[in-house]
Amino acid sequence: MDGFAVGRVLLAVEEIPAGCVAAYSDVGRVVGLAPRVVGAIMARHGHDLPWWRVVNVAGALPAPLLPDALAHWRAEGTPVRADGSGCRIRQCRVDVDALADAYQRRFLSG
């Protein structure tokens, strides 16, 4: 993975508003990378970002991340499944077009 790809993913994740989540595929669509690449970048480089805002298409994260993610989701008002296994992605999924616009504005200004 090149640094340019990492930078694009991290920039896009910074633009996800509090209380919203994006699927790996949403971020990938915005930056032009496959969802698995987005996931790999987040696993290696996303610890200083709001990583809890990037989930799989079902609104879940790996089990070891869930306790911290749940705390962040609750603090931000992100709807959480009753069983605590993830967020309610249909209720809080980011508007991907708006995310792409915000990303493009930052990308072009940087």
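Because the structure is predicted, anything quoted here is derived from the model rather than measured. (Residues numbered from 1 in each chain as written. Predicted model: local features only at pLDDT ≥ 70, side-chain atom pairs only at ≥ 80, totals over all residues. Heavy atoms only, no water.)

> Is there a simple way to explain the layout of surface pockets in this structure?
The method is simple in principle: a probe with the dimensions of a water molecule rolls over the atoms, and the space it marks as empty is what remains. If you add up the space inside the largest pocket, you get close to 170 Å³. Around the largest pocket sit Y24, G39, M42, A43, H47, W51, V54, L61, P62 and L65, which together line it. For the lining of the largest pocket, the element with the most residues is helix 3 (residues 35–45), which contributes three residues. Looking at the lining of the largest pocket, its residues break down into eight nonpolar, two polar and no charged. (1 Å grid on protein atoms, 1.4 Å probe; cavity = no way out; pocket = protein on both sides within 12 Å on 5 of 7 lines; lining within 4 Å. Points joined across faces, edges and corners; volume = space filled by probe spheres on them. Helix = DSSP H or I, 4+ residues; strand = E, 2+ residues; numbered from the N terminus. Nonpolar A, V, L, I, M, F, W, Y, C, P; charged D, E, K, R; others polar.)

> Which parts of the structure should I look at to understand the side chain of D26?
Take D26: it is sitting in helix 2 (residues 24–31). Judged by its relative accessible area of 7%, D26 falls in the buried class. In this structure D26 touches R93 and V96, once residues within four positions along its chain are discounted. (Buried < 20%, exposed > 50% of the residue type's maximum accessible area, 1.4 Å probe, protein only. Contact = heavy atoms within 4.5 Å.)

> Would you explain the packing of helix 2 against helix 6 (residues 96–109) in this entry?
Here helix 2 crosses helix 6 at 45°, and the two axes come no closer than 9 Å. Between helix 2 and helix 6, the interaxial angle falls into the category oblique. In this structure, helix 2 crosses over helix 6, and the sense of that crossing is right-handed. On the side of helix 2, the interface is formed by D26, R29, V30 and V31, while helix 6 contributes V96, D97, L99, A100 and Y103. Considered class by class, the residues forming the contact of helix 2 with helix 6 number six nonpolar, no polar and three charged. (Axes fitted to C-alpha atoms, helices over the stretch in contact; angles between N-to-C directions. Parallel < 35°, antiparallel > 145°, perpendicular 65-115°, else oblique. Left-handed = near helix turned anticlockwise from the far one by under 90°.)

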